[in-house]
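In case you want the letters, here they are:
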Amino acid sequence: MSKRVLTTESGAPVADNQNSASAGIGGPLLLQDQHLLEKLARFNRERIPERVVHARGSGAYGYFEVTDDVTDFTHADFLSAVGKRTEVFLRFSTVADSLGGADAVRDPRGFAVKFYTEQGNYDLVGNNTPVFFIKDPIKFPDFIHSQKRDPFTGRQEPDNVWDFWAHSPEATHQVTWLMGDRGIPASYRHMNGYGSHTYQWTNAEGEAFFVKYHFKTNQGVRSLSSAQAAGIAGKNPNSHQTDLLQAIERGVNPSWTLHVQVMPAADATEYPFNPFDVTKVWPHRDYPLQRVGRLVLDRNPDNVFAEVEQAAFSPNNFVPGIGPSPDKMLQGRLFAYADAHRYRLGVNHTLLAVNAPKATTAQNYGRDGFMATNATSHGRAAKNYEPNSYDGPTETGRALSAPLPVNGYTGTHEAPQHTKDDDFFQAGELYRLMSPEERSRLVTNLAGGLAQVSRDDVIEKNLAHFHAADPEYGRRVEEAVHALRED
C-alpha cells in the first residue's frame, strides 16, 4: 500500500520535511523556501484569542431524548414527542481562569448545550449554579475585571475580588454557593447544570410560560474540599478534561435528567420577588420540578481546538416555542455572546462544523466577510438582498415566542420592586439548609479568602452581608476572619 504524499497547503508535494533550504551547506536560509515559511507562518497563527471568560473548557457530543410530554407549555419541535432524540454538543468550562488554568479550582462552571434541532440550533448557555453574582449586565465587565488577574500585579487579588462583592450585596447568594461544598465539583460528570436565567416557553395556542432549566446529574453530585482540589490541581491540571474523555472512551456515558420549573406568565407580576432576578431561585414548593428528558454524552470530539475552542454558543439562538424573558442579565447576554464570537472567530463562525446546523440548512442573505466560503454564496446567481423576485428565502411571519408587554418611560431604571425583593434572604435560606458540617466548611472557605483582604472597611462591608443573611452565619464568619487576622 503506497503512502500518502505530504503536500503544502496549496497541494504541491513536499520533497524534504526535515531540512530547510539554505545557501550552500551550513549557509543562511533562503526566503524562497515556501514550505518553511508556510509552516512557520501557520504555526504563528495556530491560536486565536482565548475567551475572556470560560476560556478553559471541555466538551462532548451526545443526544437529548424527550421522556415526558411538555406540549402544554411549548410548541418547540425538538420537545414535541416522547422518545424524540436531538443531537447535542455540551461544553463545560471554568469561568475566571485562562486557557492554561487548572480544572480543579473553586469557580463556577459553564454548562452550555447546543441542540441541533430541525428548526435550527438552540443554545442553552448556563452554569452549574442556579444563580449568579449580579443582576444587571452593565456591571458584568467590572465583575470579571475584579475576578481575573490584576493589570499591575498579574495575579488574582483578594482585595479586588472582595471589594467588588462588598459593593454588590446581590452577590451574597452566589458567594454562599461558591464557597460551599459544591464550589469545586469532583468532575464535570458529577455536577448539575442550570439554565440559571428565566426563559419563555410558548405553546401552540400562544399561551406564554416562564421556565427555569435544571439538569440533574445521574452520576450523583460529588465535590472536592479545598485541600483535595489543591492536591489534584497541582498533580493534574487537566483532571476534569481527562475524566470526561476517559469515561466516554470507556463507554461510561455521563447523563443528566432535564427538569423545568414552569410559571404561568400571569404569575410574574404578583410574585413576592422579581422572578427575572438571576441572583434568586424559585422555591420548588411554589413551582415544582417537572421532568422533560434525558441528556447523554457518548462521543468525544476528534479535535479539541476545532470543536471545543471554536464552539460558539449564544443565548439568542432560539427556536420556535422558546424565547427570552425580561431577565436583565439574559438580555445583555443576547448581544454579548454572539459579539464575542464574531471577534474571536469571525463573522462566518456559524459555518464551522461544530456551530453549523445539522438537522436543517441555514438560508439567509449573509455574504462575504472574513473566512467566507462557497457555503455563504447559496448558488452562483443567488441574490444578497430581500425581498427579491428570484425565489430567495422569505420570512414566515410567525414569531418564535409570545410578545413581552412593556410600558413606561425609557431610562436607566432599577428592576421593579416586589414585596420580598432583598439581596440576602435566599442566601440565609441556603445557609440554614446546610448541615452543621457543611456550614463549618463554608465558614472556613469564606474566612480564608476574606482574611487576605488588606482593607478593614472592605472586610466589614462583606461581613455585614453575611449578618444580613443570617445572624449566626454572619457571627461565625466574623469570628473566623478575626481569628485568622490575629494569627
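Think of each chain on its own: its residues are numbered from 1, step by step along the sequence as written. The predicted nature of this model means local features are confined to residues of pLDDT at least 70 and side-chain atom pairs, given and counted, to a pLDDT of 80 or more, with totals for whole chains, interfaces and linings taken over all residues. Excluded from the side-chain calculation are hydrogens and water; included are all heavy atoms of the structure.

Visitor: Hey, could you run me through the side chain of Gln-174 in this one?
Guide: Runs of H or I in DSSP of at least four residues are treated as helices and runs of E of at least two as strands, each being numbered from the N terminus. Relative to the assigned elements, Gln-174 resides in helix α4 (residues 172-179). Any residue under 20% of the maximum accessible area for its type is buried, any over 50% is exposed, and the rest in between are partly exposed; the area is computed with a 1.4 Å probe on protein chains only. A residue is classified by how much of its surface remains accessible, and Gln-174, at 0% relative accessible area, is buried. In what follows, a contact means two residues having at least one pair of non-hydrogen atoms within 4.5 Å. The residues touching Gln-174, leaving out its near neighbours within four places in the chain, are Pro-108, Thr-129, Val-131, Phe-132 and Phe-133.

Visitor: Is there a simple way to explain the packing of aromatic side chains in this structure?
Guide: Any two aromatic rings considered together are summarised by their centre-to-centre distance and by the angle between their planes. Aromatic contacts are taken between Phe, Tyr and Trp rings whose centres are within 6.5 Å, Trp giving its six-membered ring; a plane angle under 30 degrees counts as stacked, one over 60 as edge-to-face, and the others as tilted. Within the structure shown, the criterion is met by 32 aromatic pairs. Here Phe-132 and Phe-133 contribute two aromatic rings whose centre-to-centre distance is 5.5 Å and whose plane-to-plane angle is 75°, an arrangement assigned as edge-to-face. The class of Phe-132 is buried, set by a relative accessible area of 6%. The buried category is assigned to Phe-133, whose relative accessible area is 3%. Residues Trp-282 and Tyr-287 carry aromatic rings whose centres are separated by 5.6 Å and whose planes lie at 55° to one another, so their mutual orientation is tilted. In this structure, Trp-282 and Tyr-287 share a single accessibility class: buried.

Visitor: Please explain the environment of Trp-256 as it appears in this structure.
Guide: Its place among the elements puts Trp-256 in strand β8 (residues 255-264). A C-alpha to C-alpha distance of 9.4 Å links Trp-256 and Phe-64, two positions 192 residues apart in sequence. At 2.9 Å, the side chain of Trp-256 and the backbone oxygen of Met-191 are in polar contact. We call two N or O atoms a polar contact when they sit within 3.5 Å, provided that within protein one can donate a hydrogen and the other can accept it, with sequence-adjacent residues counted only if both atoms are side-chain atoms.

Visitor: Explanation requested: the side chain of Glu-157 in the structure shown.
Guide: Secondary-structure assignment places Glu-157 in the loop between α2 (140-147) and α3 (158-166). Of the polar contacts made by the side chain of Glu-157, one reaches the side chain of Thr-153; its length is 2.7 Å.

Visitor: Honestly, helix α12 (residues 471-486) in this entry has me stumped. Any pointers?
Guide: The α-helix winds at 3.6 residues per turn, so residues separated by three or four positions along the chain end up facing the same way. Multiply 1.5 Å by the residue count of a helix minus one, and that product is the helix's expected span. Compared with the 22 Å implied by 1.5 Å per residue over 16 residues, the 23 Å span of α12 between its first and last C-alpha is a close match. Listed as buried for α12 are Tyr-473, Gly-474, Val-477 and Val-481. Across the axial projection of α12, the buried residues extend over an arc of 90°, all falling on one side. Looking at α12, the residues exposed on the side facing more than 90 degrees away from the buried face are Pro-471 and Glu-486. Check the buried side of α12 and you find it contacts α4, α9 (425-433), α10 (436-450) and α11 (456-469). One side-chain oxygen of the residue at the start of α12 lies 3.0 Å from the amide nitrogen of Glu-472, identifying that residue as Asp-470. The arc in question is formed by the directions pointing from the helix axis toward the C-beta atoms.

Visitor: Could you clarify how one ought to interpret the environment of Asn-253 in this entry?
Guide: Here Asn-253 is to be found in the loop between α6 (239-249) and β8. Taking the relative accessible area as the measure of exposure, Asn-253 reaches 32% and is therefore partly exposed. Between the alpha carbons of Asn-253 and Glu-438 there is a distance of 30 Å; along the sequence they are 185 residues apart. Beyond its immediate stretch of four places on either side in the chain, Asn-253 contacts Gln-219, Ile-248, Val-296, Leu-297 and Asp-298.

Visitor: How do you make sense of the environment of Lys-328 when you look at a structure like this?
Guide: Structurally, Lys-328 can be placed in helix α8 (residues 328-344). The class for Lys-328 is partly exposed, based on a relative accessible area of 29%. When the C-alpha positions of Lys-328 and His-197 are compared, they lie 9.3 Å apart, and in sequence the two are 131 residues distant. Beyond its immediate sequence surroundings of up to four residues, Lys-328 is in contact with Lys-135, Asp-136, Pro-137, Phe-276, His-413, Glu-414 and Ala-415.

Visitor: What exactly am I supposed to notice about the pairing of strand β4 (residues 120-127) here?
Guide: On a regular strand, one side chain projects to one face of the sheet and the next to the other, so that they alternate. Counting buried positions along β4 yields eight of eight residues, so the element is predominantly enclosed. Only strands that DSSP links by at least two bridges are regarded as paired with each other. Two strands pair when backbone bridges link them, and strand β3 (residues 109-117) and β4 are joined in this way by eight bridges, in the antiparallel orientation. Bridged to Val-113 within β4 is Leu-124.

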